[in-house]
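# Breakdown of the fold
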Amino acid sequence: MHHEVTDTDTAVAMGSGDVPVLSTPRLIAWLEAATVRAAAPFTRAGQTTVGTGVRVRHLRASRVGARVRVSAEPPSVDGRRLTFPVRAVDDSGHLVATGEIDRAVVDRERFLSGVSAREEDH
């Protein structure tokens, strides 16, 4: 997946810093989106995946206008847990980020009903 850094992606805009470069929260969101796409072959009808863990090192700043390619490699599989190696590379070929993101395969309806039940308890 390719993204162009815009003003709305910066640390200033996201509230995660005071410099106008790609924010870590936006970068993680882009990496997570790559894992959602990569997880699709591991789900059946009625299933989805949910994020359960993020371990990402943001290594290099990316200016507004920079293009960043994010990718998720095939995961290691442990039952319903999928662990994706992820990386981001800028338009100059420099490594921007590397890490792992965990997703769990869940039954969509059962997951949502559990969330609704907990909300009603409050």
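Everything that follows concerns the structure shown earlier in this document.
Residues numbered from 1 in each chain as written. Predicted model: local features only at pLDDT ≥ 70, side-chain atom pairs only at ≥ 80, totals over all residues. Heavy atoms only, no water.

### Structural notes on the pattern of salt bridges
The full count for this structure, using the stated rule, is 6 salt bridges. The shortest N-O distance in the salt bridge between Glu32 and Arg103 comes to 3.7 Å. Residue Glu32 is found in helix α2 (residues 24-39), and its partner Arg103 is found in strand β6 (residues 95-107); the two are separated by 71 residues along the sequence. Judged by relative accessible area, which is 26%, Glu32 ranks as partly exposed. You can call Arg103 buried: its relative accessible area is 6%. One salt bridge in this structure joins Arg60 and Asp90, with 3.3 Å as the shortest N-O distance. Linking Arg60 in the loop between β2 (47-58) and β3 (67-72) with Asp90 in strand β5 (residues 81-90), this pair joins segments that are 30 residues apart in sequence. What makes Asp90 buried here is its relative accessible area of 10%. (Salt bridge = Lys/Arg side-chain N within 4 Å of Asp/Glu carboxyl O. Helix = DSSP H or I, 4+ residues; strand = E, 2+ residues; numbered from the N terminus. Buried < 20%, exposed > 50% of the residue type's maximum accessible area, 1.4 Å probe, protein only.)

### Notes on the side chain of Asp102
One can find Asp102 in strand β6. A relative accessible area of 4% places Asp102 in the buried class. Only 2.9 Å separates the side chain of Asp102 from the side chain of Arg55, close enough to count as a polar contact. Within the structure, Asp102 has its side chain in polar contact with the side chain of Arg81 (distance 3.1 Å). (Polar contact = N/O pair within 3.5 Å; in protein donor to acceptor, adjacent residues only side chain to side chain.)

### Quick word on the environment of Arg44
Following the sequence through the fold, Arg44 ends up in the loop between α2 and β2. On the basis of relative accessible area, Arg44 is assigned to the exposed category, the value being 63%. Along the sequence, Arg44 and Asp107 sit 63 residues apart, while their C-alpha atoms lie 9.1 Å from each other.

### Description of the pairing of β3
The pairing of strand β1 (residues 2-4) with β3 spans 3 bridges and is antiparallel. Bridge assignment links His3 to a residue of β3, and that residue is Val68. Summarising the sheet, β3 and β5 pair through 5 bridges and their orientation is antiparallel. Bridge pairing in β5 places Val70 opposite Ala88. (Pairing = 2+ DSSP bridges.)

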